[in-house]
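Single-letter residue listing:
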Amino acid sequence: FMFLKLCQARNLNPFTSEAYLVKYGDKANMIVGKEAFTRKAEENPHFKGIVSGIVLQKNGELVYRTGTICLKGEELVGGWAETYRDDRDHPFRKEAPLSEYDTGKALWATKKATMINKVAEVQSLRAAFPSDLAGCYSSDEIGIDPEKEIAEAA
């Protein structure tokens, strides 16, 4: 009941996978889907876009690339994102180190660049729109697979 009321207050639809209630350890947590972060940003009249990519290491140098393509000889080390608002002078930039989020499980095992990019995007969107997204975390940030958790609970 409290989860549904919280979804209602945050204008999140749990029936379209915008939010999940997942038991993690001894307590239940609300997990917000990445698409909900994007929708919340798009609903804000000050949102002017987001640019994101990955951080690579090549020959001892850091390379910031837009998108998620990692070439041979490059080591993926993180993701980055910048969210733009028309009422701010600078974008909200966030960088997410791969070492802090890579669980090696589920999509992290095969799509590391995509996953770390999503983490950076969510963090940047949350920083840009705190009144809508403060306290909301994606499953990628906390290292759980909500669909697997729901299936195991059933």
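Please read these numbers as outputs of a predicted model, since none were measured by experiment.

This part is about the nonpolar core. Residues Leu-12, Met-30, Val-32, Phe-37, Leu-125 and Phe-129 are the most contacted members of the largest nonpolar core, which totals 16 residues. Only helix H1 (2-10), strand S2 (27-32), helix H2 (34-43) and helix H4 (112-128) provide two or more residues apiece to this core. Discounting residues that sit within four places of it in the chain, Leu-125 has contacts with Phe-37, Thr-38, Ala-41, Phe-47, Ile-50, Thr-83 and Leu-133. With 13 residues, the next largest nonpolar core counts Tyr-101, Ala-113, Ile-116 and Ala-120 among its residues.

What follows covers the pattern of salt bridges. In this structure the tally under the stated criterion is 10 salt bridges. Note that Glu-43 is salt-bridged to Arg-39, the shortest N-O span being 2.6 Å. With Glu-43 and Arg-39 both in helix H2, this residue pair falls four residues apart, about one helical turn. According to the relative accessible area criterion, Glu-43 is partly exposed, its value standing at 46%. Put simply, Lys-48 and Asp-86 hold a salt bridge, and the shortest N to O gap is 3.9 Å.

As a further point, take the side chain of Arg-85. Position of Arg-85 among the secondary structure elements: in strand S5 (residues 75-85). At 2.9 Å, the side chain of Arg-85 forms a polar contact with the side chain of Asp-87. Engagement of the side chain of Arg-85 in a polar contact is seen with the backbone oxygen of Ala-128, the distance being 2.6 Å. In this view, Arg-85 contacts Asn-44, His-46, Lys-48, Phe-92, Ala-128 and Phe-129; residues no more than four positions away in its chain are not counted.

Here is what the cut-offs are and how they apply
The written sequence of each chain sets the order in which its residues are numbered from 1. Given that the model is predicted, a residue must reach a pLDDT of at least 70 before its local features are reported, and side-chain atom pairs must reach 80 or more before they are shown or counted; all residues, however, enter totals for whole chains, interfaces and linings. Here the side-chain values reflect all heavy atoms present in the structure, with hydrogen atoms and water set aside. Think of a nonpolar core as a cluster: buried Ala, Val, Leu, Ile, Met, Phe, Trp, Tyr and Cys residues, connected wherever their side-chain atoms sit within 4.5 Å. When accessible area is computed with a 1.4 Å probe and restricted to protein chains, residues below 20% of their type maximum are described as buried, those above 50% as exposed, and intermediate ones as partly exposed. Each helix is a run of DSSP H or I of at least 4 residues and each strand a run of E of at least 2, with the numbering of both proceeding from the N terminus. The criterion used for residue contact is that any of the two residues' heavy atoms lie within 4.5 Å. Should a side-chain nitrogen of Lys or Arg be within 4 Å of a carboxyl oxygen of Asp or Glu, the pair is scored as a salt bridge. What qualifies as a polar contact is a pair of N or O atoms within 3.5 Å, subject to a donor-acceptor requirement within protein and to the restriction that residues adjacent in sequence count only when both atoms come from side chains.

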